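# A look at the structure
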Amino acid sequence: MWGLPQGIPQTQKGILQKQIVDPMTNTSLFVVGLFACLAWAGLLSANEPLLGDTERGRRVFDQSGGCSCHTNYSKEGRNAPVLAGGRALSTPFGIYYSTNITPDLETGIGRMSDAEFITAMQEGIAPDGQNYFPIFPYTSFTGMSDQDLVDLRAYLSTLPPVKRVNKPADVMPPFSWRWGVSLWKWLNFKAGRWQPDPSRSEIWNRGDYLVNSPSHCGECHTPRDWTGGLDRSMWLAGSSDGPEGELAPNITSDSKTGIGSWHLRDLIWFLETGFKPDGDDTQGLMSEMIEHGYAKLPQADLEAIATYLKSVPPIDHRVQAHSSE
Amino acid sequence: MHPTIRTERVQTPSKRLQARLGMLVLTLLLALPSTGLAQDAEGTLKYRQDLMSAIGSDMAAISDILKFQLPLQANIETHASNIASNAGLMNSAFKAPISDGPTDAKPEIWQDWAHFEKDIAKMKAAAEKLSQTVAQGGDGAAIGAGLKTLGRTCGGCHKEFRKPKKESYKNK
């Protein structure tokens with residue numbers, strides 16, 4: 001989006017040079033006029049706020065796994081109020097509770113502007129300027145495009161508002177101090193949009209974007225260091241401290257400890273149904289992210305995710321429960 | 001157990017031997033059934049897991065037909081009916097309340113046996129329905145819906161009655 005206004009003056013320059021060589025004709029006048037209009041349109045659209053599309057937003061919602069952390073399926077079951085928060089997410093630092101992201105004006109995010117929503121997702125900063133705790137995976141969402149985010153926002157705004165006050169975290173200091181998150185961010189967070197790798201295929205790039213930005217796979221499937229930062233040398237190699245204290249398996253292409261033996265179609269089928277190649281089902285948060293999100297994705301997205309995951313370099317890492325348990 | 005009787009009994013060596021042999025026999029008699037029980041438990045766990053694997057294998061086979069779009073859709077009828085038959089064996093397989101050792105069965109199974117039985121009945125009904133859907137020439141959407149219902153019965157029961165991964169004996 002930012003590339004367009006920069007590109008236009010160059011194009012105009014090219015045409016002006018051509019003008020010097022060629023005598024003025026009707027055609028060249030038309031071309032100059034056309035480019036001038038395009039340049040104007042480009043400059044205008046760069047400054048105009050983006051418009052969210054609810055249908056595209058539903059797809060972004062599905063890509064994120066249905067924002068399942070924000071629905072308390074684990075305690076309130078299938079009929080839990082959707083996106084009203086209150087779900088306990090246990091971590092080695094204590095228990096955090098997910099927040100109400102319904103459009104409710106008092107207890108939800110109904111009053112947030114689109115720009116504030118984008119800042120929350122990409123920077124981890126709340127409308128009041130405070131940091132969000134990194135249990136909210138903005139480390140991945142920072143890669144999401146502005147357009148995907150306003151689309152997501154548009155879709156979230158169509159869902160029923162629910163009145164439910166957010167629950168404070170049950171965490172020991174210093175992990176309960178919001179200002180401490182600045183230090184955490186300095187150590188572990190780099191804001192920035194996802195960038196394509198031109199040497200790779202389109203489908204791989206699409207998968208890279210989905211896996212590492214909206215679908216935020218690495219947040220649970222990557223081990224964390226003692227500060228709670230993601231150990232990027234072990235990207236997707238599994239974690240003993242997954243969501244809700246569960247084990248998150250190694251999803252690199254290692255054939256012994258990862259999913260290297262899975263066929264591309266096994267991966268797609270798993271994301272559609274929750275069934276592994278051996279016929280066993282999946283449990284916990286993953287089963288909910290599939291049911292309320294990934295399973296509804298179009299084949300193109302599922303194939304992109306599977307193609308990318310198949311390409312993740314193998315890391316030999318067996319995820320085991322802590323011996324103290 | 002009267003003291004005078006005891007002094008009489010241990011007076012002769014042959015009687016002492018008899019008493020010791022009696023103790024040995026008694027010990028052996030007590031020990032034998034418990035060894036038998038341990039072996040039973042091991043065998044029961046193995047049998048349960050083989051039964052669950054059989055159900056898993058049929059589930060995997062159905063999945064293979066659908067995910068690779070194999071021209072074997074008619075076979076799903078048999079795979080689903082196998083699942084229904086195996087579901088019928090689960091009550092007897094899980095009757096013995098064993099949740100210790102190499103097993104992921106939660107003790108809740110026997111604390112709420114009626115619920116467990118109901119879950120099994122649900123799986124059996126869903127598997128039979130899927131088998132019938134295929135037999136009656138149901139289309140892809142109908143088969144998909146049937147499989148989804150069946151899949152939910154696996155997940156529902158596992159959520160209640162199977163230990164989560166971090167507690168699984170396989171990850172210790």
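These numbers come from a predicted model, not from an experiment.

## With respect to the overall build of chain B
Counting secondary structure elements, chain B contains six helices and zero strands. Reading chain B from its N end, one meets helices and strands in the order α-α-α-α-α-α. Across the 172 residues in chain B, those meeting the buried criterion constitute 24%. The long-range share in chain B, meaning contacts at least 24 apart out of those at least 6 apart in sequence, stands at 70%.

## Some thoughts on the pairing of strand 1 (residues 88-91) of chain A
Every regular strand shows the same layout, with side chains that alternate between the two sheet faces. Residue and element names in this part refer to chain A. Note: strand 1 against strand 2 (residues 94-97), four bridges, orientation antiparallel. Within the sheet, the bridge partner assigned to A88 lies in strand 2 and is Y97. Counting the residues in the hairpin turn of strand 1 and strand 2 gives two residues.

## Describing the confidence of the model for chain B
Residue and element names in this part refer to chain B. Averaged over chain B, the pLDDT score is 87; the fraction of residues at 70 or greater is 80%. Within the model, the stretch residues 1-11 combines pLDDT values under 50 with four contacts to residues more than four positions away or in other chains. Scored as a complex, the prediction yields pTM 0.82 and ipTM 0.79.

## Description of the nonpolar core
Most often, soluble globular proteins have nonpolar side chains that are buried together. Membership of the largest hydrophobic core comes to 52 residues, with the highest contact counts inside it found for L271, I305 and L309 of chain A together with A80 and A127 of chain B. Among the elements of the structure, helix 9 (202-212), helix 11 (264-273), helix 12 (284-292) and helix 13 (299-311) of chain A together with helix 2 (13-67), helix 3 (76-93), helix 5 (113-135) and helix 6 (140-161) of chain B are those that each provide at least two residues to this core. Not counting the four nearest positions on each side in its chain, L271 of chain A is found in contact with I290, Y294, A295, L302 and I305 of chain A. One finds I101, I109, I135 and V181 of chain A within the second-largest nonpolar core, a separate group that totals 26 residues.

## Focus: the interface of chain B and chain A
Contact residues are listed per partner, giving 17 residues for chain B and 20 residues for chain A. When residues of the side of chain B that touches chain A are traced back to their parent elements, those giving at least two are helix 2 and helix 6 of chain B. Element by element, the count of residues in the side of chain B that touches chain A is highest for helix 2 of chain B, at six residues. Taken together, the residues of the side of chain B that touches chain A break down into five nonpolar, seven polar and five charged.

## A closer look at the sheet that holds strand 2 of chain A
Here we have three strands laid out as an open sheet, ordered 1-2-3 (chain A), and antiparallel in their pairing. The two strands at the open ends of the sheet, each matched to only one other strand, are strand 1 and strand 3 (170-171) of chain A.

## Describing the environment of I55 of chain B
As for its position among the elements, I55 of chain B is in helix 2. Each C-alpha atom of the pair I55 of chain B and A80 of chain B lies 9.1 Å from the other, and the pair is 25 residues apart in sequence.

## Here we look at helix 5 of chain B
Two residues of an α-helix separated by three or four positions point the same way, owing to the 3.6 residues in each turn. Here helix 5 of chain B spans 33 Å end to end across 23 residues, near enough to the 33 Å set by a 1.5 Å rise per residue. With its phi angle positive at about 75°, G137 of chain B sits one or two positions after the end of helix 5 of chain B.

## Regarding the packing of helix 5 (residues 114-123) of chain A against helix 7 (residues 146-156) of chain A
All names here are of chain A. It is at 10 Å that the axes of helix 5 and helix 7 come closest, and there the two elements cross at 115°. In terms of crossing hand, the pair formed by helix 5 and helix 7 is right-handed. Only D146, L149, V150 and R153 of helix 7 make contact with helix 5, whose side of the interface consists of D114, F117, I118 and M121. In the contact of helix 5 with helix 7, the residues fall into five nonpolar, no polar and three charged.

## Observations regarding the pairing of strand 2 of chain A
The pairing of strand 2 of chain A with strand 3 of chain A spans two bridges and is antiparallel. Paired with I95 of chain A across the strands is D170 of chain A, a residue of strand 3 of chain A.

## A short note on helix 3 of chain B
Over its 18 residues, helix 3 of chain B runs 25 Å from end to end, which matches the ideal 26 Å to within 8%, given 1.5 Å per residue. The set of residues buried in helix 3 of chain B consists of I76, H79, A80, I83, A84, N86, A87 and M90 of chain B.

## Looking at the environment of D151 of chain A
Residue and element names in this part refer to chain A. Take D151: it is sitting in helix 7. As for D151 and A169, which are separated by 18 residues in sequence, their C-alpha atoms are 29 Å apart. Excluding its chain neighbours within four sequence positions, the residues that come into contact with D151 are G52, D53, R56, G57 and V60.

The rules behind the values
Residues numbered from 1 in each chain as written. Chains lettered and ligands numbered in written order. Predicted model: local features only at pLDDT ≥ 70, side-chain atom pairs only at ≥ 80, totals over all residues. Helix = DSSP H or I, 4+ residues; strand = E, 2+ residues; numbered from the N terminus. Buried ≥ 20, exposed ≤ 12 C-beta atoms within 10 Å, placed from the backbone. Contact = placed C-beta atoms within 7 Å. Pairing = 2+ DSSP bridges. pLDDT = per-residue confidence, 0-100. Core = buried A, V, L, I, M, F, W, Y, C linked by C-beta atoms within 7 Å. Nonpolar A, V, L, I, M, F, W, Y, C, P; charged D, E, K, R; others polar. Expected span 1.5 Å × (residues − 1). Axes fitted to C-alpha atoms, helices over the stretch in contact; angles between N-to-C directions. Left-handed = near helix turned anticlockwise from the far one by under 90°.

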